[in-house]
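Topology and contacts: notes
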Amino acid sequence: MRDRLRTPRLLVAFGGLQFVLFPIPVIILFWTDQIGLSLTEIMMLQVIFGVAVVSAVASLGALSAFRRAHTGDVMIRGGAY
């Protein structure tokens, strides 16, 4: 019984910790100090990463929609999510 109550609390705590942006300033200081990148180069890396994430998410979403449309899942669910 105790484990059933503990698991949702841990999931909520983990989800909250994912949004903590503490490592970002540390990484920026490391990159500028140790690697020698300028702030412009760091921002360009973040832009490239953001574009890669958006393109991956969009392509996976389109693939999922295509798969649902062609496997008959849409007919079973009535065409709604």
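It should be emphasised that the depicted structure is a prediction, and the values quoted were computed from it without experimental measurement. (Residues numbered from 1 in each chain as written. Predicted model: local features only at pLDDT ≥ 70, side-chain atom pairs only at ≥ 80, totals over all residues. Heavy atoms only, no water.)

Tallying secondary structure elements over the protein chain gives four helices and zero strands in all. Element order for the protein chain, N to C, with α for helix and β for strand: α-α-α-α. Relative to its 81 residues, the protein chain shows a buried fraction of 4%. Surface summary for the protein chain: the accessible area is close to 7,400 Å², and the carbon and sulfur share equals 72%. (Helix = DSSP H or I, 4+ residues; strand = E, 2+ residues; numbered from the N terminus. Buried < 20%, exposed > 50% of the residue type's maximum accessible area, 1.4 Å probe, protein only. Areas by Shrake-Rupley, 256 points an atom, 1.4 Å probe, with all protein chains shown as cover.)

Moving on, we come to helix α2 (residues 23–35). Between its first and last C-alpha atoms α2 spans 17 Å; for 13 residues at 1.5 Å apiece the expected length is 18 Å, and the two agree. Looking one or two places after α2, you find Gly36, whose phi comes out positive at around 90°. (Expected span 1.5 Å × (residues − 1).)

The residue Ser38 is located in the loop between α2 and α3 (39–70) in this model. As a C-alpha pair, Ser38 and Ile28 span ten residues in sequence and 9.5 Å in three-dimensional space.

A cluster of nonpolar side chains, Leu17, Val20, Phe22 and Val26, forms an exposed patch at the surface whose accessible area comes to about 420 Å². Tracing the sequence through the fold places Leu17 in helix α1 (residues 2–18). (Patch = residues over 30% accessible without salt bridge, like charges linked within 9 Å, V, L, I, M, F, W, Y side chains within 5 Å. Salt bridge = Lys/Arg side-chain N within 4 Å of Asp/Glu carboxyl O.)

Before going further, it helps to spend a moment on the confidence of the model for the protein chain. Summing up the model confidence of the protein chain, the mean pLDDT is 78 and the portion of residues at 70 or higher is 77%. Per-element mean pLDDT across the protein chain ranges from 54 in helix α4 (residues 73–77) up to 87 in α2. (pLDDT = per-residue confidence, 0-100.)

The residue Glu41 is located in helix α3 in this model. Through-space distance from the C-alpha of Glu41 to that of Trp31 is 9.8 Å; in sequence the pair is ten residues apart. A distance of 2.9 Å separates a polar side-chain atom of Glu41 from the backbone nitrogen of Ser38. (Polar contact = N/O pair within 3.5 Å; in protein donor to acceptor, adjacent residues only side chain to side chain.)

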